[in-house]
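Fold and contact review
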Amino acid sequence: MPLTTALTIEAARPLLAGLDYAGVAVFAASGALAAARAKHTIVTFAFFAAVTGVGGGTLRDLLIGAPVFWVYRSDYLGVCMIAAGAVWLLRGDRFREDALLWLDAVGLAAYAVIGAAKALSYGVPPLAAVAMGVLTASFGGIVRDVLAGQPSVLLRREIYVSAAALAAVVFVGLDLAGAGVEVAGLVGAAAGFALRAVALRWNVALPGYRD
Amino acid sequence: MPLTTALTIEAARPLLAGLDYAGVAVFAASGALAAARAKHTIVTFAFFAAVTGVGGGTLRDLLIGAPVFWVYRSDYLGVCMIAAGAVWLLRGDRFREDALLWLDAVGLAAYAVIGAAKALSYGVPPLAAVAMGVLTASFGGIVRDVLAGQPSVLLRREIYVSAAALAAVVFVGLDLAGAGVEVAGLVGAAAGFALRAVALRWNVALPGYRD
Amino acid sequence: MPLTTALTIEAARPLLAGLDYAGVAVFAASGALAAARAKHTIVTFAFFAAVTGVGGGTLRDLLIGAPVFWVYRSDYLGVCMIAAGAVWLLRGDRFREDALLWLDAVGLAAYAVIGAAKALSYGVPPLAAVAMGVLTASFGGIVRDVLAGQPSVLLRREIYVSAAALAAVVFVGLDLAGAGVEVAGLVGAAAGFALRAVALRWNVALPGYRD
């Protein structure tokens, strides 16, 4: 039975909970790392980690009218603070940039599926559910870039938002086709990750308009 | 009977529906055109079109506590995708800039009235309803400019936000005075469009502070 | 009895109402002053005043699921318009910058406490309530800076967000420890103001990462 009719977000949680924390942690670390590169203070580390970690899911929840997922509990914000502290203490700026990019690719694919799944479970129709997946995966990073005064990933030709879109489209399509939420989620996330991996490994980019 | 007491947004919809789609399409096209000028990819076209097309109404709905108008249906987002695709395929970058500016002026005036009308129908008092009209008409374009890293219309002296404010003030004032929502809406939109037209035609701008 | 269990925001209002208007007015004036420095028009004055004055509390209310505090009444928006008009007429650009910085320090400390208190009264747990205090105090100014295309306070090493964090942490901690909301609020605001005052007076800044 497709997620659109059968599944509430509560029922999906056991499946997604691990991915969820991991996604928040990875994005929070990427925010803290952006702060480290610009030699910011510990307070800016924490702010960037929180905004990047929970920003996408926050916008999704506001748009679909759900309670914002991290506000009435302490764990998600705690994960962001731990990620910020870890990057500060462990000399996060010395990590190979690769490592973060690959972790970020995992987070991107997982988040696109999680965002679309939560939207479907609230009764959002397919096209808007795909948009929610894309927003959940990419909005935190966009806000981080705007706050930091850097050109956002939107303005680069890198395949990034596209990979989130692919993950969400495949997930929503398979779910509608009756594949079951586990299969749809795994295949969707794998497709999005694979596209991002190809882009990272061979430096593939989308063509610009009328170049 | 004034809109403040007599009209729900449902009753106003037949009147406003056509303007509504037209406004979303015009703003979405202006977002896609901004992407075309910067030679962005098709994914950025779609993102800019959606943000610019539905951004203002989204903020209005969040602020007044209404369900966000485009999330639980597919038509508005579909209109944005079609506008993005049309600009991409039809060489939108070759359109005369004038054409878009004039279309945008229609959208601006219509949106300011629509935004104020929805706010009034939710029981928002006059001053805040005017603010909602201004936000609905101008916020999408502001976000587009911030994301694109360009100076927003707020920072220019052009009569743009002022035209939206005039449309909203005239509409709210006439509605309160008992003119009826159709008359108030048409006169308000006409006043806002006229002011914007004067600004475009004779290049009129507001004075800066203590110049 | 701690605020977390005993107090609704309605009960806290008599205590906080004066501070509340003062905070909105101070922040609105700082927004209008930013517009004056860049020689913007009266419309941009009003826009910047409103965004800076009510921005932080707006985000807080959206996140905790409360009705946005200024939308269904006219007084807060009216205070912002008056502040914008006053800065325009009174040659706000000639005020000593100091004066505004010190007023802003009062607003920052008061707002951090007010934001955390409202969050606690809605049942938000301590860590997230501190985050709400910080956001309420700092978000309006961040949006003002982003819209104006200037580096936000987040990117400077000044002790600003940190002072808001201290005020919120002290308030929430004392309230949880049973100090009573009046004592907790006064001590929290005083601690935040004192830290900001030290930073302003002796030009103290936080160390950047691995400088």
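Position numbers for residues start from 1 in each chain and track the written sequence from start to end. Labels are handed out in written order, letters beginning with A for the chains and numbers beginning with 1 for the ligands. Under the rules for a predicted model, residues below a pLDDT of 70 receive no local features and side-chain atom pairs below 80 are neither given nor counted, while totals for whole chains, interfaces and linings still include all residues. Excluding hydrogens and water, the side-chain values take into account all heavy atoms of the structure.

Going by an unreviewed UniProt entry, chain A carries the name Trimeric intracellular cation channel family protein and comes from Glacieibacterium frigidum. UniProt positions are given in the numbering used here, feature names are shortened, and annotations may be inferred rather than shown by experiment. UniProt annotates chain A under Sequence similarities (unreviewed entry) with the comment "Belongs to the UPF0126 family." Annotation of chain A in UniProt includes, under Subcellular location (unreviewed entry), the sentence "Cell membrane".

1. Brief notes about the overall build of chain A
Only DSSP runs of H or I covering at least 4 residues are called helices, and only runs of E covering at least 2 are called strands; the numbering of each starts at the N terminus. A count of helices and strands for chain A gives eight helices and zero strands. Between buried and exposed lies partly exposed: a residue is buried under 20% and exposed over 50% of the maximum accessible area for its type, with that area taken using a 1.4 Å probe on protein chains only. The buried share of chain A, taken over its 211 residues, is 56%. We call two residues contacting when some pair of their heavy atoms lies within 4.5 Å. Nonlocal contacts in chain A, meaning residues at least 24 apart in sequence, comprise 76% of its contacts between residues at least 6 apart. All accessible areas in this document rest on Shrake-Rupley with a 1.4 Å probe, and a residue is counted as covered only by the protein chains that are shown. Summed over its atoms, the accessible surface of chain A is roughly 8,200 Å², and 68% of this surface lies on carbon and sulfur atoms.

2. Observations regarding the packing of helix H6 (residues 126-147) of chain B against helix H7 (residues 161-176) of chain B
Residues and elements named next belong to chain B. Taken N-terminus to C-terminus, the directions of H6 and H7 make an angle of 140 degrees; their axes are 9 Å apart at the nearest point. Judged by the inter-axis angle, H6 sits oblique to H7. When the axes of H6 and H7 are compared, the crossing they make is right-handed. Across from Pro126, Ala129, Val130, Gly133, Val134, Ala137 and Ser138 in H6, the residues of H7 making contact are Val161, Ala164, Ala165, Ala168, Val169, Val172 and Leu176. Partitioned by chemical class, the residues of the contact of H6 with H7 number twelve nonpolar, two polar and no charged. Note on definitions: angles span 0 to 180 degrees between N-to-C directions of axes, and those axes are lines fitted to C-alpha atoms, for helices only across the stretch in contact. Working definition: roughly parallel below 35 degrees, roughly antiparallel above 145 degrees, roughly perpendicular at 65 to 115 degrees, and oblique for all remaining angles. With the far helix as reference, a near helix turned anticlockwise by less than a right angle produces a left-handed crossing, and one turned clockwise produces a right-handed crossing. We call Asp, Glu, Lys and Arg charged. Ala, Val, Leu, Ile, Met, Phe, Trp, Tyr, Cys and Pro are nonpolar, and the rest, Gly among them, are polar.

3. Notes on the interface of chain C and chain A
Every contact between the two is made by 26 residues of chain C and, on the other side, 29 residues of chain A. The quantity reported as buried area is the accessible area (1.4 Å probe) lost by two parts once they are put together, taken as the sum for both. Together chain C and chain A conceal approximately 2,400 Å² of surface at their shared face, both sides included; 71% is due to carbon and sulfur atoms. A carboxyl oxygen of Asp or Glu within 4 Å of a side-chain nitrogen of Lys or Arg is what we treat as a salt bridge. Along the contact surface separating chain C from chain A lie zero salt bridges. A 3.5 Å cut-off defines polar contacts: any pair of N or O atoms within that distance qualifies, except that in protein one atom must be a possible hydrogen donor and the other a possible acceptor, and neighbouring residues in sequence count only when both atoms are side-chain atoms. Our enumeration of links across chain C and chain A arrives at one residue pair in polar contact (both at pLDDT 80 or more). Among the elements that take part in the side of chain C that touches chain A, helix H6 (residues 126-147) of chain C stands out by supplying eight residues, more than any other. For the side of chain C that touches chain A, the residue count by class is 19 nonpolar, four polar and three charged.

4. Describing the UniProt feature "transmembrane region" (unreviewed entry) in chain A
In this numbering, the UniProt entry assigns the feature "transmembrane region" (unreviewed entry) to residues 15-35, 42-59, 71-90, 102-121, 127-147, 159-177 and 183-204 of chain A. Across residues 183-204 of chain A one finds 91% helix and 0% strand; the C-alpha atoms that close the span lie 28 Å apart.

5. Some remarks on the interface of chain B and chain C
Counting residues at the interface gives 26 residues for chain B, matched by 29 residues for chain C. Taken together, the two surfaces of chain B and chain C that pack against each other cover about 2,400 Å², and 71% of this comes from carbon and sulfur. Inspection of the region where chain B meets chain C yields zero salt bridges. Viewed at the interface, chain C and chain B are joined by one residue pair in polar contact (both at pLDDT 80 or more). Those elements that provide at least two residues to the side of chain B that touches chain C are helix H3 (42-64), H6 and H7 of chain B. Among the elements that take part in the side of chain B that touches chain C, H6(B) stands out by supplying eight residues, more than any other. Within the side of chain B that touches chain C, the residues separate by chemical class into 19 nonpolar, four polar and three charged.

6. What to know about helix H3 (residues 42-64) of chain C
Residues and elements named next belong to chain C. Helix span is expected to be 1.5 Å times the residue number reduced by one. Over its 23 residues, H3 runs 33 Å from end to end, which matches the ideal 33 Å to within 8%, given 1.5 Å per residue. Along its length, H3 shows its largest kink, about 50 degrees, at Gly55. Counted residue by residue, H3 has 20 buried out of 23 residues, so it is predominantly covered. A positive backbone phi angle near 80 degrees is found at Gly65, which sits one or two residues after H3. Note on bend: the value at a residue is the angle between axes fitted to the seven residues ending there and to the seven starting there.

7. Looking at the relation of the copies chain B and chain C
At an RMSD of 0.0 Å, chain B and chain C line up after a rotation of 120 degrees and a shift of 0.0 Å along the axis. What the rotation and shift describe, once combined, is the action of a three-fold rotation axis. Both copies present different contact surfaces, since only 8% of the interface residues of chain B are interface residues in chain C too. We superpose the copies by least squares over the C-alpha atoms of residues that have a pLDDT of at least 70 in both of them.

8. Some details on the side chain of Ser162(C)
Mapping Ser162(C) onto the fold places it in helix H7 (residues 161-176). Residue contacts for Ser162(C): discarding those within four places in its chain leaves Val43(A), Leu195(C) and Leu206(C).

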